[in-house]
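Residue-level structure breakdown
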Amino acid sequence: VTSWSDKSLHVTAFAVLAFLLAWAVPTHPKRKSQNVLVATFIGVAYSAIDELTQIPVGRTADWADFAADLFGILAGIVVYVAMREAILATPFRLKP
């Protein structure tokens, strides 16, 4: 049974996770996509491991949950990239 509220929780949780991962991973100014790729890889790996480790404890791994997680990761990365560009474009930011 697919519950929309359950899937929205998956999307929200993984969007926040991906955003925070991308923000936390240091990156070189000339390789701005490096942290996005690392955050995406970690998010996808965590989602897969999360679903697979449910099997040994009597729960089921759900492809719909995994898809919701992936959508959340994409959403979090998109928001991060949009905010990063907006922050870097402001004249008020601190210089590194």
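In this text, all values refer to a predicted model and were calculated from it rather than measured experimentally.

1. A look at the nonpolar core
- Listed in full, the 10 residues of the largest apolar core are Phe14, Ala18, Phe19, Leu21, Ala22, Val36, Ala39, Ile73, Ile77 and Tyr80.
- Of all the elements in the fold, those that place two or more residues in this core are α1 (4-24), α2 (34-52) and α3 (63-89).
- The leading source of residues in this core is α1, at 5 residues.
- With near-sequence residues (within four places) excluded, Phe19 lies in contact with Gly76, Val79, Tyr80 and Met83.

2. A short note on the side chain of Asp65
- Tracing the chain through its elements places Asp65 in helix α3.
- By relative accessible area, Asp65 is classed as buried at 8%.
- Excluding residues that lie within four positions of it along the chain, Asp65 makes contacts with Asp6, Lys7, His10 and Glu51.

3. Regarding the environment of Val36
- Tracing the backbone shows Val36 in helix α2.
- Apart from the residues within four sequence positions on either side, Val36 is in contact with Ile77, Tyr80, Val81 and Arg84.

4. Thoughts on the packing of aromatic side chains
- Counted according to the given criterion, the structure contains 5 aromatic pairs.
- Taken together, a centroid distance of 6.1 Å and an interplanar angle of 80 degrees make the contact between Trp63 and Phe66 edge-to-face. Remark: Phe66 and Trp63 occur in helix α3; sequence separation between them is 3 residues, near one turn of the helix.
- Through successive ring pairs, a cluster of aromatic residues spans Phe19, Trp23 and Tyr80.

5. As for the pattern of salt bridges
- Summed over the entire model, instances satisfying the criterion amount to 3 salt bridges.
- Asp62 is paired through a salt bridge with Lys7; the nearest N and O atoms lie 3.4 Å apart. Here Lys7 lies in helix α1 and Asp62 lies in the loop between α2 and α3, a separation of 55 residues in the sequence.
- For Lys7, a relative accessible area of 9% translates into the label buried.

6. A word on a nonpolar patch on the surface
- Side chains of Trp23, Val79, Met83 and Ile87 sit close together on the surface and give an oily, nonpolar patch of about 360 Å² of accessible area.
- No other element matches the 3 residues that α3 contributes to the nonpolar patch.
- In this structure Trp23 comes out as partly exposed when scored by relative accessible area, which is 46%.

Thresholds applied
- Residues numbered from 1 in each chain as written.
- Predicted model: local features only at pLDDT ≥ 70, side-chain atom pairs only at ≥ 80, totals over all residues.
- Heavy atoms only, no water.
- Core = buried A, V, L, I, M, F, W, Y, C linked by side-chain atoms within 4.5 Å.
- Buried < 20%, exposed > 50% of the residue type's maximum accessible area, 1.4 Å probe, protein only.
- Helix = DSSP H or I, 4+ residues; strand = E, 2+ residues; numbered from the N terminus.
- Contact = heavy atoms within 4.5 Å.
- Phe/Tyr/Trp six-rings, centres within 6.5 Å; stacked < 30°, edge-to-face > 60°.
- Salt bridge = Lys/Arg side-chain N within 4 Å of Asp/Glu carboxyl O.
- Patch = residues over 30% accessible without salt bridge, like charges linked within 9 Å, V, L, I, M, F, W, Y side chains within 5 Å.
- Areas by Shrake-Rupley, 256 points an atom, 1.4 Å probe, with all protein chains shown as cover.

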